[in-house]
Amino acid sequence: MKKQYDYLIVGAGLYGAVFAQELTKAGKSCLVIDKRDHIAGNIYTHEMEGIQVHQYGAHIFHTNNKEVWDYLGQFATFNRYTNSPIANYKGEIYNMPFNMNTFNKMWGVITPAEAAAKIEEQRKASYTENPKNLEEQAINLVGVDIYEKLIKGYTEKQWGRPCTELPAFIIKRLPVRLTYDNNYFNALYQGIPVGGYTAMVAKMLEGVEVRLGQDYLADKAGWDALADKVVYTGPIDAYFAYKLGVLEYRSVRFETEVLDEANYQGNAVVNYTDAETPYTRVIEHKHFEFGTQEKTVISREYSAEWKLGDEPYYPVNDEKNSALYAKYKELAAGEESVIFGGRLGEYQYYDMDKVVEVALAKVRAELA
């Protein structure tokens, strides 16, 4: 007996939206469902005081992949926003990523040769053969000054534990630029969709049936009965009822408020790199779209321990969790009518362009 839909897509985020768009274009019937009461997943934006607010943290699109850029360009016009975050260390302001502006402020050096010599001097002074933890690894890479002011406090807040207890592999390299360039991403294309990400995803889902506030796992058999195949973008361990154990994440919480002033911090992203400030960064949303509104909206971002039921943000890709994911991936391979995808379905931290790239490759393979 023919089912009602060719595909049930669980999750109305970017991965699910690419699938829905491509499958519908190919003449397939799709139903998209999402547990939340909105589309666009973690890139969801909504308006406050005429400002597009990034509800789940700052999302700045960047890519070197022209195909991905052109693909999303069908659904949105991107502005010229360039990510140039700054770091606030106890009231001292530094440019990120580490560049000549940073080194000039830190040491008073002016030329690239002076900066390179200072970094090398710092590295050698505290070098550790075979670093055993993140602290030793970071100092090996950039020396004590940059580590103490711009890495240590921020990283410890992010991970909720001392750098001496974090594995060295977390920081394989630290980008050091010997130019006066504050552009954080080495990406040919970057920007924010004019009018926000939600409008872009809505355009991708035009003509597709979407049902919000629907929990797939609460009635899996009922939902499965509606479609021939399922595209599942939720947590892979939840799909299998955590029968092999729970995959771990780091979480984030936000405190968002409207301020009765036109400009709070003069930049979209300010990282607080000292240990004493409880939040990791402050986002001032209007600067993503060069806003001139009379008021402003800011979000303070706090890194948080994660427990089951909390919003999962960053996979903890350590040895233990990677081994557990490998076992779940084996189970997933046995689910012939289910496609697992996205950062939760693949237990992978993906930038937005990578989500689109991977989803396009997967849906094309499916249609082929």
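Please read all numbers here as calculations on a predicted model, not as lab measurements.

Caption draft 1: Examining the pattern of salt bridges more closely. Considering all chains together, one arrives at 20 salt bridges under this definition. For the salt bridge of Glu-311 with Arg-36, the shortest nitrogen-to-oxygen distance reads 2.6 Å. Here Glu-311, found in the loop between β14 (296-305) and β15 (314-315), pairs with Arg-36, found in the loop between β2 (30-34) and β3 (45-48); they are 275 residues apart in sequence, far enough to count as distant. On the basis of relative accessibility, which here comes to 17%, the residue Arg-36 falls in the buried class. Among the salt bridges present, the one from Lys-66 reaches Asp-70, with a minimum N-O distance of 2.6 Å. Taken together, the residues span about one helical turn, with Lys-66 and Asp-70 both in helix α2 (residues 66-72) at a distance of four residues.

Caption draft 2: The side chain of Asp-237, seen in detail. In this fold, Asp-237 is placed in helix α9 (residues 236-239). For the buried Asp-237, which has no salt bridge, the nearest side chain bearing the opposite charge is Lys-35, at an N-O separation of 11 Å. Every residue in contact with Asp-237, bar those within four places of it in the chain, is listed here: Tyr-242, Gly-245, Val-246, Leu-247 and Tyr-328.

Caption draft 3: Representation of the side chain of Thr-277. Positionally, Thr-277 belongs in the loop between β12 (269-272) and β13 (281-284). Aside from chain neighbours lying at most four places away, what touches Thr-277 is Lys-157 and Tyr-272.

Caption draft 4: Here's a closer look at the packing of helix α3 (residues 100-107) against helix α4 (residues 112-125). Axis separation between α3 and α4 bottoms out at 10 Å; the angle between their running directions is 65 degrees. Classed by the angle they form, the pair α3 and α4 counts as roughly perpendicular. Remark: the crossing between α3 and α4 carries left-handed chirality. Across from Met-100, Phe-103 and Trp-107 in α3, the residues of α4 making contact are Pro-112, Ala-115, Lys-118, Ile-119 and Gln-122. In terms of residue class, the contact of α3 with α4 is made up of six nonpolar, one polar and one charged.

Caption draft 5: Fine view of the environment of Asn-321. Tracing the backbone shows Asn-321 in helix α10 (residues 319-333). Measuring from C-alpha to C-alpha, the distance between Asn-321 and Val-246 comes to 8.6 Å, with 75 residues separating the pair along the chain. The contact partners of Asn-321, leaving out residues within four places of it in the chain, are Val-246, Leu-247, Glu-248, Val-316 and Tyr-347. In this structure the side chain of Asn-321 is engaged in a polar contact, spanning 2.8 Å, whose partner is the side chain of Asp-318.

Caption draft 6: Main features of the sheet that holds β15. If you trace the seven strands from one edge of the open sheet to the other, you get β7-β6-β12-β13-β14-β11-β15, paired in mixed fashion. Here the strands that pair on one side only, and so sit at the sheet edges, are β7 (92-95) and β15. Where helix α6 (residues 144-159) meets the sheet, its contacts fall on β6 (86-89), β7, β11 (249-259), β12, β13 and β14, and the angle it forms with β14 comes to roughly 70 degrees.

Caption draft 7: Main features of the pairing of β14. In terms of residue burial, β14 counts as a mostly covered element, since eight of its ten residues are buried. Where β11 lies against β14, ten bridges are found, and the strand directions are antiparallel. In the sheet register, Val-258 faces β14, and the bridge partner there is Val-297. The pairing of β13 with β14 spans four bridges and is classified as antiparallel. The residue of β14 that forms the bridge with Val-282 is Arg-300.

Reading the values: rules and limits
- Residues numbered from 1 in each chain as written.
- Predicted model: local features only at pLDDT ≥ 70, side-chain atom pairs only at ≥ 80, totals over all residues.
- Heavy atoms only, no water.
- Salt bridge = Lys/Arg side-chain N within 4 Å of Asp/Glu carboxyl O.
- Helix = DSSP H or I, 4+ residues; strand = E, 2+ residues; numbered from the N terminus.
- Buried < 20%, exposed > 50% of the residue type's maximum accessible area, 1.4 Å probe, protein only.
- Lys, Arg positive; Asp, Glu negative; His and termini not counted.
- Contact = heavy atoms within 4.5 Å.
- Axes fitted to C-alpha atoms, helices over the stretch in contact; angles between N-to-C directions.
- Parallel < 35°, antiparallel > 145°, perpendicular 65-115°, else oblique.
- Left-handed = near helix turned anticlockwise from the far one by under 90°.
- Nonpolar A, V, L, I, M, F, W, Y, C, P; charged D, E, K, R; others polar.
- Polar contact = N/O pair within 3.5 Å; in protein donor to acceptor, adjacent residues only side chain to side chain.
- Pairing = 2+ DSSP bridges.

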